[in-house]
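This is what each chain is made of:
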Amino acid sequence: MNALTQTQHLLTIVWWMSLGLSILLYIILDGADLGAGVFSLFVSDEDERGAIMSAMAGTWDANETWLIVAGGVLFGTFPFVYGSLFSYLMVPLALALWGIITRAVSLEFRHLAEKRYQRFSDYAFGISSLATTFFGGMAVGATLHGFPLTHVPDQVPTYVGGALRFISPFSVWTGIAAVIAVSLAGGLFVRARFEPEEDIRKHAARWTNYAFYAAIGAVAITIGWSVIIFPWVSGKWFGPYSWVYGIGFLAVLFAIVKMRAASNAERDIAAILWLNAAIALMATGMMWTMYPWMVPDTWTIYAGATPQVSIITFTLAMAGFFPVMLMYNWYQIWVFRARVSKLAAYGH
Amino acid sequence: MSDNSLSVFLSRLDFAWITSFHILYPPLTIGLAVILFFFEWRWVATNDERWYRLARFFEKLFIVNFGAGVATGITMEMAFGILYGPFSQAAGPFFGQVLGYETITAFMYEAGFIGLMIFGWGKISKKMHLFATFNVALSSSFSAMWILVANSWMQTPAGIVFKHGVFQVTDWVAALFNPDVMYGFPHMLVATFELALFFVAGVCAWFVLKRRNVTLFARPLRFALLALVVVAPLQVYLGDGLGATIAHDQPAALAAMEGHYNTYNKDGSVNTGWHILAWPNAKGDGNAFAITIPHVLSLLETHSWNGKVEGLNSIKPQDRPPVVVPFYSFRIMVAAGMAMMLVAFWGGWLALRRRLSADTIAANPWFLRAVTASAFLPYLAVWTGWWTREVARQPWIVYGMMRTSAGVSHMSVPLEIFWLVGYMAFELTVFGGTWYFLAKIIRKGPDLVSPVAQDGHQALGHIEEPAHHEPGKPEYLRPA
Ligand code: HDD
Ligand code: HEM
Ligand code: HEM
């Protein structure tokens, strides 16, 4: 299906980038919330757990909206990918979705519940944050493997290959790596959101310290593993543009070092921003490596796009709603920026 | 894959289960947002504190319901690709685009204001807050519009060609304004208003019945009932228009909804009989029994005494929808609609006789009980309405163009059961939680003592001083 005009080609690329941006924003914004949820599993003080939830009460819904936006862009612009990829990923997506539902319910309802249910709801919150992250990470790893499609003349290729194909050592690993990564983000989030003299900040500092080294290791392993098993990775990285990737790699290292320094100096916001910079750089590098594949060896960006991409919808979204949404996210974080103390526990 | 295989049936059930639960929450979100706007507007305009108390009280209910709507809605968006992959691909160029617009113009837009509406009290100015509430109401109505555009297009596909296994849009205007959406969207939108009005009326009536805060709740109850005097008949009128559209564009669906098998009677005259009750026979070419009134079917569908309505027997057997579900769910919806109209008229009549003012209202216990019980009727109507619509479209996923069996993902039966069982547990938990907490908030009643939120004192660009507290003394107020 190569029925795209030149303008459409360009639009497709930009849509692909905005899809990447939505996913990236989701990972950055909700990643911190998810990580704080994982962290809360290791917090024994009930008020502290409640306070972690109240620290995200005003923003988690808007953060999650980026996931819905990503889904909307994928279905709207890349329906062929959407329809086959999601059938392939049915099981991990279902599990991640159950995690999301549970998390939403425990967040929304905690302050209404009686004391004895709160403990249960806290536990559900932590476990569901963990599950969402793990299966989300697994879905990403499984996507990198690609999947088989039907080849029936005059029909759109669809997924065939069973429900459990997504399981591989690599996809299990990306699930674990995702948990490690959000643990780091969550630790930094807790440090930034609590008042300086709170005990939980010290707890989070120790946690962040471990998570930091674990995350460095996880990134190294993921990179090494990808180079070994994915020819499209090694082909790009050691190809003619290897110097670009080299510079990118150094930039990531720089961001990580800066993050560490900021974190050690208790400049919490700076630490989060440096972490986000590192994530953004890595995500960009990843997309660049995959280009022109959207799903490696399965769908290119162009084959996956609707033959109807149009400049009108594009302008509507890009000029109208994306910027508004971004500004709003910012405004909201600003309105709710005040640090909390454990006495602010959700449910008092 | 054959139309009747277990695997196709289970995918249909999987999807039906999650949509049926999702649809419990959005109508209240949409309709109640409008009512909240009204309450708040009255407060800003008149400075009457009671409107403020009402707005805050119903907003608490709104939030619980909204959370459930989001939690179940995220699944919906993913479910098309998971359960109906080939359909999503084929219909993507239209259907996916429309859902994409929904994401952008409704969800993004809504997310932009809902946080302000919920958490912004006392932080932003009153006018700004009112504006936020307005935008929440508007954006959630947009989402109903886009969803109905997408779904109506599946009923009456227009503006497309089916080429190389893909629906390609040739005429956007025709596709967006397809015949079914013209009544389908208003019918849905008015359903959300009717549902929310009955919800508010039911809650208020319950308080009055319990003699709690009668002066606070009598007024919104009267307002809601007066609005319903207009809205309830309007919904019946729109439903009638929708029925006429179906009769015109989806004869098979209409025949199934009416259990109407033979276009002509044995003597060659037009079959105009409308069944009150019926059950199809085993062969599926007629009714085993039926209670029938002549001429009513023609009157309803063609608005004439002897108009011809096509029967199921003129449709190829493999293209016939099931009858029992559309037939009975349609009747239940209509009965619920009529019952709500009667309750609304009863209220209107009492209002005319000035028996609904704060000091006289409590003297009508039976009316108040009826109103409280009626709060469940619109939910019933919404469910049965959708079941009618979706089941009567079968065996097509896109009417007349793509069969449901061609649209389902290639899934194994155990996998489909895994999904179904999982979602049974989750949706029921969400439902139970929502119900439990709505009831709890209602039992607790409105908060009449907290200070009224004033214009925002927290100007932008000013960092709040962290609250320093003495141990054990909770001075810090949660910013909610
Ligand atoms: C009558 C209107 C209506 C109908 C028929 C549907 N929805 Fe819905 N949906 C809404 C009206 C709505 C809403 C009022 O806009 C909700 C309810 C609560 C909310 O947050 O938005 C919502 C929530 C909601 C969300 C979460 C949005 C958010 O976080 O703000 C998603 C992803 C969907 N829906 C998707 C769907 C899909 C794919 C449907 C098709 C079967 C569907 N909805 C049927
Ligand atoms: C929210 C209220 C809705 C309810 C209660 C509902 C209910 C149902 C039911 C009962 C079925 C199964 C019918 C059968 O297989 O016999 C079904 C199928 C389906 N519905 Fe809906 N539906 C709703 C909204 C929608 C909307 C808004 C869309 C599209 C935008 C949609 C798209 C579908 C699709 C694709 C199927 C599967 C194919 C099929 O069985 O026709 N539904 N729905
Ligand atoms: C009493 C008169 C009513 C009539 C004649 C009527 C008629 C109809 C018809 C013909 C359909 C379409 C079925 C299809 O597409 O196959 C429908 C669907 C529906 N009805 Fe009604 N209806 C009535 C009352 C109500 C009420 C009171 C509510 C809710 C408060 C309601 C909610 C719905 C919903 C949610 C749908 C599915 C979505 C849609 O098609 O808009 N209806 N109705």
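Computed from a prediction, not measured in an experiment: that's the story for all the values here.

**Quick look at the overall build of chain A**
Phase 1: A tally of helices and strands in chain A yields 13 helices and 2 strands.
Phase 2: Rg of the C-alpha trace for chain A: 21 Å, near the compact-globule value of 20 Å for 348 residues, within the 12% margin.
Phase 3: With the C-alpha coordinates aligned to their principal axes, the bounding extent of chain A is approximately 65 × 45 × 40 Å.
Phase 4: Expressed as a percentage of its 348 residues, the buried residues of chain A come to 59%.
Phase 5: A separation threshold of at least 6 residues defines the contact pool for chain A, and within that pool the share at least 24 residues apart is 81%.
Phase 6: Distance between charge centres in chain A, computed from 19 positive and 19 negative side chains, equals 6 Å.

**Side note on the overall build of chain B**
Phase 1: Each helix and strand in chain B was counted, giving 15 helices and 6 strands.
Phase 2: At 25 Å, chain B has a C-alpha radius of gyration in line with the 23 Å of a compact globule built from 480 residues.
Phase 3: Every one of the 480 residues in chain B was classed for burial, and the buried ones make up 58%.
Phase 4: As displayed, chain B has an accessible area near 19500 Å², and 69% of this comes from carbon and sulfur atoms.
Phase 5: Positive and negative side-chain charges in chain B, numbering 33 and 30 respectively, have mean positions lying 9 Å apart.

**Section: the site of ligand 2**
All names here are of chain B.
Phase 1: Around ligand 2, a shell composed of 23 residues is seen, among which Arg 12, Ile 147, Glu 390, Arg 393 and Gln 394 lie nearest.
Phase 2: In the environment of ligand 2, an oxygen atom lies 2.4 Å from a nitrogen or oxygen atom belonging to the side chain of Arg 12.
Phase 3: Taking Gln 394, its side chain carries an N or O atom lying 2.6 Å from an oxygen atom of ligand 2.
Phase 4: For the shell around ligand 2, the elements supplying multiple residues, two or more each, are helix H1 (6–22), helix H4 (85–119), helix H5 (126–155), helix H13 (377–393) and strand S5 (396–398).

**A few points about the coordination of the iron atom of ligand 3**
Residues and elements named next belong to chain B.
Phase 1: Those donors, His 187 (NE2) and Met 333 (SD), are the protein atoms that reach the iron atom of ligand 3, and they lie 2.1 to 2.4 Å from it.
Phase 2: Taken together, the 6 donor atoms coordinating the iron atom of ligand 3 span angles of 81 to 180 degrees at the metal, a pattern that classifies the geometry as octahedral. Placement of the pair is His 187 in helix H7 (residues 181–209) and Met 333 in helix H11 (residues 324–352), with a sequence separation of 146 residues.
Phase 3: Classification of Met 333 by relative accessible area gives buried; the value is 17%.

**Side note on the nonpolar core**
Phase 1: Formed by 218 residues in total, the largest nonpolar core has its most connected members in Phe 78 of chain A together with Phe 58, Phe 87, Phe 95 and Trp 153 of chain B.
Phase 2: Setting aside chain neighbours within four positions, we find Phe 78 of chain A in contact with Thr 12, Trp 15, Trp 16, Leu 19, Val 73, Met 294, Ile 301, Gly 304 and Ala 305 of chain A.
Phase 3: In this structure, Trp 173, Ala 211, Ala 218 and Val 252 of chain A belong to the second largest nonpolar core, which totals 18 residues.

**Thoughts on the packing of helix H3 (residues 49–83) of chain B against helix H8 (residues 214–249) of chain B**
Any two packed helices are characterised by how steeply their axes cross, that is the angle between the axes, and by the distance between the axes.
Residue and element names in this part refer to chain B.
Phase 1: Across the interface, H3 lies against H8 with an axial gap of 10 Å and an inter-helix angle of 80 degrees. Put simply, H3 runs roughly perpendicular to H8. Contacts from Arg 50, Trp 51, Arg 53, Leu 54, Phe 57 and Phe 58 of H3 reach H8 at Thr 215, Leu 216, Phe 217, Arg 219, Pro 220 and Phe 223.
Phase 2: Residue composition of the contact of H3 with H8, by class: 8 nonpolar, 1 polar and 3 charged.

**Let's talk about the interface of chain A and chain B**
Phase 1: Contacts between the two partners involve 76 residues from chain A and, on the opposite side, 78 residues from chain B.
Phase 2: Summed over both partners, the interface of chain A with chain B comes to about 6500 Å²; 72% of that surface belongs to carbon and sulfur atoms.
Phase 3: At the boundary of chain A with chain B, the tally comes to 0 salt bridges.
Phase 4: Taken together, chain A and chain B are joined by 9 residue pairs in polar contact (both at pLDDT 80 or more).
Phase 5: Listed by contribution, the elements that provide at least two residues to the side of chain A that touches chain B are helix H3 (60–77), helix H4 (79–88), helix H5 (90–109) and helix H13 (311–335) of chain A.
Phase 6: Residue contributions to the side of chain A that touches chain B peak at 14 residues, all from H5 of chain A.
Phase 7: When grouped by side-chain class, the residues that make up the side of chain A that touches chain B number 47 nonpolar, 19 polar and 10 charged.

**Here we look at the packing of aromatic side chains**
Phase 1: In the structure shown here, the tally under the stated rule is 60 aromatic pairs over all chains.
Phase 2: Residues Phe 230 of chain A and Trp 232 of chain A carry aromatic rings whose centres are separated by 5.1 Å and whose planes lie at 25 degrees to one another, so their mutual orientation is stacked.
Phase 3: The exposure class of Phe 230 of chain A is buried, given its relative accessible area of 5%.
Phase 4: Assessed through its relative accessible area of 11%, Trp 232 of chain A is described here as buried.
Phase 5: For the pair Trp 153 of chain B and Phe 167 of chain B, a centre-to-centre distance of 5.4 Å together with 85 degrees between the ring planes defines the contact as edge-to-face.

**What about the UniProt feature "transmembrane region" (unreviewed entry) in chain A?**
All names here are of chain A.
Phase 1: UniProt's entry tags residues 12–29, 80–102, 123–147, 167–190, 210–232, 238–257, 269–291 and 311–331 with the feature "transmembrane region" (unreviewed entry), counted in the numbering of this structure.
Phase 2: In residues 12–29, helix accounts for 100% and strand for 0%; the two terminal C-alpha atoms are 25 Å from one another.
Phase 3: Helix and strand shares over residues 269–291 are 96% and 0% respectively, and the end C-alpha atoms of the span are 33 Å apart.

**Concerning the pairing of strand S1 (residues 160–163) of chain B**
Residue and element names in this part refer to chain B.
Phase 1: The pairing of S1 with strand S2 (residues 166–169) spans 4 bridges and is classified as antiparallel. Looking across to S2, one finds that Ile 160 is bridged to Val 169.
Phase 2: Hairpin geometry of S1 and S2 is characterised by an intervening segment of 2 residues between the two adjacent antiparallel strands and by a positive phi of about 50 degrees at His 164.

**Side note on helix H1 (residues 6–40) of chain A**
Residues and elements named next belong to chain A.
Phase 1: Taking 1.5 Å of rise per residue, 35 residues should cover 51 Å, and H1 covers 50 Å from first to last C-alpha, within 8% of that figure.
Phase 2: Where H1 bends most, at Gly 31, the angle is about 35 degrees.
Phase 3: Among the 35 residues of H1, 25 are classified as buried, and the element is accordingly described as predominantly covered.

**Looking at the environment of Phe 9 of chain B**
Residues and elements named next belong to chain B.
Phase 1: By secondary structure assignment, the location of Phe 9 is in helix H1.
Phase 2: On the accessibility criterion, Phe 9 (41% relative accessible area) is partly exposed.
Phase 3: For the pair formed by Phe 9 and Thr 404, sequence separation is 395 residues and the distance between their alpha carbons is 9.6 Å.

**A few points about H1 of chain B**
Phase 1: Here H1 of chain B is 17 residues long and its end C-alpha atoms lie 24 Å apart, about the 24 Å a rise of 1.5 Å per residue gives.
Phase 2: By the burial criterion, the buried members of H1 of chain B are Ser 7, Val 8, Leu 10, Ser 11, Asp 14, Phe 15, Ile 18, Ser 20, Phe 21 and His 22 of chain B.

What counts as what
Residues numbered from 1 in each chain as written. Chains lettered and ligands numbered in written order. Predicted model: local features only at pLDDT ≥ 70, side-chain atom pairs only at ≥ 80, totals over all residues. Heavy atoms only, no water. Helix = DSSP H or I, 4+ residues; strand = E, 2+ residues; numbered from the N terminus. Rg over C-alpha atoms; globule rule 2.2 N^0.38 Å. Buried < 20%, exposed > 50% of the residue type's maximum accessible area, 1.4 Å probe, protein only. Contact = heavy atoms within 4.5 Å. Lys, Arg positive; Asp, Glu negative; His and termini not counted. Charge placed at Lys NZ, Arg CZ, Asp CG, Glu CD. Areas by Shrake-Rupley, 256 points an atom, 1.4 Å probe, with all protein chains shown as cover. Near = heavy atom within 4 Å. Polar contact = N/O pair within 3.5 Å; in protein donor to acceptor, adjacent residues only side chain to side chain. Donors = N, O, S within 2.8 Å, 3.2 Å for Na, K, Ca; no water. Tetrahedral: all angles 85-135°; square planar, octahedral: opposite > 155°, others 65-115°. Core = buried A, V, L, I, M, F, W, Y, C linked by side-chain atoms within 4.5 Å. Axes fitted to C-alpha atoms, helices over the stretch in contact; angles between N-to-C directions. Parallel < 35°, antiparallel > 145°, perpendicular 65-115°, else oblique. Nonpolar A, V, L, I, M, F, W, Y, C, P; charged D, E, K, R; others polar. Buried area = accessible area lost by both parts, 1.4 Å probe. Salt bridge = Lys/Arg side-chain N within 4 Å of Asp/Glu carboxyl O. Phe/Tyr/Trp six-rings, centres within 6.5 Å; stacked < 30°, edge-to-face > 60°. UniProt positions renumbered as here; feature names shortened; annotations may be inferred. Pairing = 2+ DSSP bridges. Expected span 1.5 Å × (residues − 1). Bend = angle between axes of the 7 residues up to and from the residue.

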